[in-house]
Amino acid sequence: MSMSEENLPLGLAHGLMLDNPKITIPWQSDVTTLSSIGDPTILTSSKVTFVSWKDRTVFNGIEVDVQFRSDFNKIFWLDLRDKSRFESATAAFSYLRELVVERLGEPHLSQIDDGYPWEQWNYGSVRVSVRIAERFVEYVSFMVSKGL
C-alpha cells in the first residue's frame, strides 16, 4: 500500500532532503541548479556531469555521500559512508535496511533479484531502494528516485 505523493515522509515529495544543513535537492533538476545547492563537487567527463555532496546525512541521520548523474537525472545515489567497517555487502545491507525500516516502516516490496535481496518503498512515482548488487564485487546500492 503506497501513500499519495503529497504525504510523503522525509520531504520526499520535493526531492532529497539533506539533514546538515537542512536543504532539499529538488527532483529532476539540471546541473546548473544543483551546482548552487549545498556546495557540491562537480566533475564532468566527456558526456556526463557528476554532482556530489560528500559527508552528509539523509533520512534523519543516515551517513552518506550523495551523487547525481546528468544522464540519470531522476535518481540520487546514496553511498553509505565508512563502508570498510562492514565485513561484507550482506552486513552493510542488513545495517542499512534496518535504518531505513526505522524511518519508513517495512518495505512495500521485497524481492530477490539475480540472487540478491532488493527492498523497495514506493510512494507513487517516488521510490526508495536498498539492495545488494554485483559489478566485479558485491556492494550495497541505496537509491532514491522519482519517475523511473
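Per chain, residue numbering runs from 1 following the sequence as it is written. At least 70 in pLDDT is required for a residue's local features to be given in this predicted model, at least 80 for side-chain atom pairs to be given and counted, and no such filter applies to totals for whole chains, interfaces and linings, which use all residues. With hydrogens and water excluded, all non-hydrogen atoms of the structure serve as input to the side-chain values.

**As for the layout of surface pockets**
At step 1: Think of a 1 Å grid over the protein atoms and nothing else: a 1.4 Å probe that fits but is trapped marks a cavity, an open set flanked by protein within 12 Å on at least five of seven lines marks a pocket, and residues with an atom within 4 Å of a point count as lining. Grid points are joined across faces, edges and corners, and a volume is the space filled by probe spheres set on the points. Put simply, the largest pocket is a space of about 530 Å³.
At step 2: What lines the largest pocket is a set of 19 residues, and nearest its centre among them are Gln67, Trp77, Arg135, Tyr139 and Ser141.
At step 3: Helix numbers and strand numbers start at the N terminus; a helix is a DSSP run of H or I with at least 4 residues, a strand a run of E with at least 2. Among the secondary structure elements, those contributing two or more residues to the lining of the largest pocket are β4 (49-58), β5 (62-69), β6 (75-80), β9 (126-135) and β10 (137-146).
At step 4: Among the elements that make up the lining of the largest pocket, the one with the highest residue count is β10 (five residues).

**Overview of the pattern of salt bridges**
At step 1: Whenever Lys or Arg places a side-chain nitrogen within 4 Å of a carboxyl oxygen from Asp or Glu, that contact is recorded as a salt bridge. For the structure on display, the rule yields eight salt bridges.
At step 2: Asp55 is the salt-bridge partner of Arg81, the closest N and O atoms lying 3.4 Å from each other. Placement of the pair is Arg81 in the loop between β6 and α2 (89-104) and Asp55 in strand β4, with a sequence separation of 26 residues.
At step 3: Across the pair Asp71 and Arg69 runs a salt bridge, and its minimum N-O distance is 2.7 Å.
At step 4: You can call Asp71 partly exposed: its relative accessible area is 38%.
At step 5: Shared partners join several salt bridges into a network, and the residues in it are Asp55, Glu63 and Arg81. Partly exposed residues are those whose accessible area sits between 20% and 50% of the maximum for their type, while under 20% is buried and over 50% is exposed, using a 1.4 Å probe and protein chains only.

**Regarding the pairing of β4**
At step 1: β4 sits mainly inside the fold: seven of its 10 residues count as buried.
At step 2: Strands were regarded as paired on the criterion that DSSP finds at least two bridges between them. Pairing geometry for strand β3 (residues 41-44) and β4, over four bridges, is antiparallel. Within the sheet, the bridge partner assigned to Ile42 lies in β4 and is Val51.
At step 3: What sits between the antiparallel neighbours β3 and β4 is a turn of four residues.
At step 4: Of the pairings in the sheet, the one linking β4 to β5 comprises seven bridges and is antiparallel in character. When the sheet's bridge partners are listed, Trp53 is paired in β5 with Val66.

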